[in-house]
Each structure stands twice: as structure tokens, then as C-alpha cells.
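# Descriptive analysis of the structure
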Amino acid sequence: MKKYLPTKKNTLGKYFTGICLSLLLLGACEDYINLNLIFTSEPSNIGGTTAQIEGLITDYKTSILQHGHCYSLNPQPTVNDFKTELGMRTETGLFVSSISGLRPNTLYYVRAYFITDETIQYSNQITMQTSIQNTELKDFRVETDSRLSNITQQSATSFGTLVTGQSVNITQYGHIWAIQPNPNLSNLLGKSELGAVSIENNRDFSGNMGNLSAGTKYYYCAYATDNQNFTYYGTVREFTTPN
């Protein structure tokens, strides 16, 4: 009688019994039907901007050219979203991805993956919630304006607002942009930086997004970093440059 691997998501140890894991790693578990060739576990050491996640490769048919984890704000992330790259691999077993540059207090979707010369194999999907990062500026936020001006094939002018009712010291602010969703200071294509400023009331600002390509979709948002090195992000918006 065929047996099926458990699919309950908790830790990798709950995916397999010790005996079946050993057999799988030896490629001799013939009485089991592999529901997948790669698995991922619940993340550990989750902070405001970082996390660690384990993966497990149980089998593969040809050489693994790349492996790691991919993650996104949207379900079913792929290697076209954000990803870790742990390189080539010649054996089954566990691997660990250390992810950085995440947004605090944000829900992410994550899948492990490996790439061969024939296919891309994805694992089960998990979610992870980054923690709230402490900051003294409880009544401060950044807004990304939905309007753009002077849009050309190579550039566009973006707008934003620093919203506050208290005295705030900002070390840098402006806009960031990328060709992937969820741009931040660790994952970007470019940024406009307006330098340090001290404000007590709302401040509108604008910046130039340059070095763009024709007919390309971009994601952008306003940002500001305070003197405690905490970065605030506005709503991510998108636009496409003309052909």
C-alpha cells in the first residue's frame, strides 16, 4: 500500500519521521510517493527586517544550478521576485537562507526553490510576519503621492510628504524605485536623496527618478530615515514608462 508524506506545516522534523528522512536522502524510499522534491520550514529568528528559513531537498534528477528561498508580498512567489541564491548543489539535504532588507510588521509569502537545466522546482508556501521595529516617532509617517509628472522614457518626477505633528530629525528622505514589487533601501534600482532635515510640521517634497528604460514597469515609494537609523516607507505605487 502506498504511503504519502505528511503535509502539516510546522518544522521540517514534522514533515518526516527520522526513518523516512534517512531513506529519502538515500533515494531508497520507493514505497513513498513524493508530493514534492523540496520543502521549507517555518521561519526562525524573525526580526523587523531579517529572518532565517530552512529548506530541504529530498531528490532531484539533474544537477542543481541554483537554490534558496524566494519571497514576496504576493502569494506564490517565484524566482522573479526577491530571492536568496545559495549556488550550485550536488547533494540532497538541508539548507538555510538568511534574509535581510525586509519591511517591519509586514506579511511575506515564502517558498524554497531549486533550478536545474530542465526545470524550476518550488516547495510548499509558508507565510512569515516580520516584527514591529521600535521607534520613538509614533506620530510620524511618510506618504507617497499617486501623481507623477514629466514622465519620459528615461525619467519621471515623483512627489511625497513627511507627515508629523512633532519635532523630527531626518537624516535622509526622498523616493526609491525598482523593477520588482516592495522596493526598500536594500532592494532598489535607484533613489533620490534629499539629505538631512529637521521639521515640526508636514513637508511636501519631490524628486527625480532617472536612468529608466522605455516601456518598463517600475515600483516606487517615498521613504525617510530618522536619526535612530529607522526607515519609514510610504505606499508602493507603480507606473510604466512610454515606449
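Provided above is the structure to which this section pertains.
A few points on the structure. By convention here, each chain's residues receive numbers from 1 onward along its written sequence. Under the rules for a predicted model, residues below a pLDDT of 70 receive no local features and side-chain atom pairs below 80 are neither given nor counted, while totals for whole chains, interfaces and linings still include all residues. Think of the side-chain values as coming from all heavy atoms in the structure, minus any hydrogens and water.

A few words now on the packing of aromatic side chains. Two aromatic rings from Phe, Tyr or Trp, using only the six-membered ring of Trp, form a pair when their centres are within 6.5 Å; if the ring planes differ by under 30 degrees the pair is stacked, by over 60 it is edge-to-face, and anything between is tilted. Across all of its chains, the model carries 7 aromatic pairs by this definition. Aromatic side chains tyrosine 71 and tyrosine 108 sit 6.2 Å apart centroid to centroid with 70 degrees between the ring planes, which places their arrangement in the edge-to-face category. Taken together, the residues span a long stretch of sequence, with tyrosine 71 in strand β5 (residues 64-72) and tyrosine 108 in strand β8 (residues 107-116) at a distance of 37 residues. The buried label goes to any residue with under 20% of its type's maximum accessible area, the exposed label to any with over 50%, and the partly exposed label to all in between, with areas taken from a 1.4 Å probe on protein chains only. Given a relative accessible area of 0%, tyrosine 108 falls into the buried group. Secondary structure is summarised from DSSP: a helix means a run of H or I of at least four residues, a strand means a run of E of at least two, and numbering begins at the N terminus for each.

Two strands form a pair only when DSSP identifies at least two bridges running between them. One open sheet holds the 3 strands; their spatial order is β10-β11-β15, and the pairing between them is antiparallel. A strand with exactly one partner marks an edge of an open sheet, and here the two such strands are β10 (141-149) and β15 (203-209). In this sheet, neighbouring strand axes are inclined to one another by 25 degrees on average, regardless of whether the strands run parallel or antiparallel. Of the strand pairs in this sheet, strand β11 (residues 156-163) and β15 are connected by 7 bridges, and their pairing is antiparallel. Among the inter-strand pairings, glycine 160 is bridged to a residue of β15, identified as phenylalanine 205. Lines fitted to C-alpha atoms define the axes, with helix axes restricted to the stretch in contact, and inter-axis angles between N-to-C directions lie between 0 and 180 degrees.

The element strand β12 (residues 168-178) is largely enclosed, with a buried count of 9 among its 11 residues. For β12 and strand β14 (residues 197-199), the ladder comprises 3 bridges, and the chain directions are antiparallel. The partner of asparagine 169 across the bridge, within β14, is serine 198. Pairing between β12 and strand β16 (residues 217-226): 8 bridges, direction antiparallel. Its bridge partner being in β16, tryptophan 177 is matched across the sheet by tyrosine 220. As defined by bridge partners, β12 adjoins strand β13 (residues 190-193) across 4 bridges and the pair is classed as antiparallel. Paired with histidine 175 across the bridge in β13 is serine 192.

No statement about biological role is implied by the geometric values presented.
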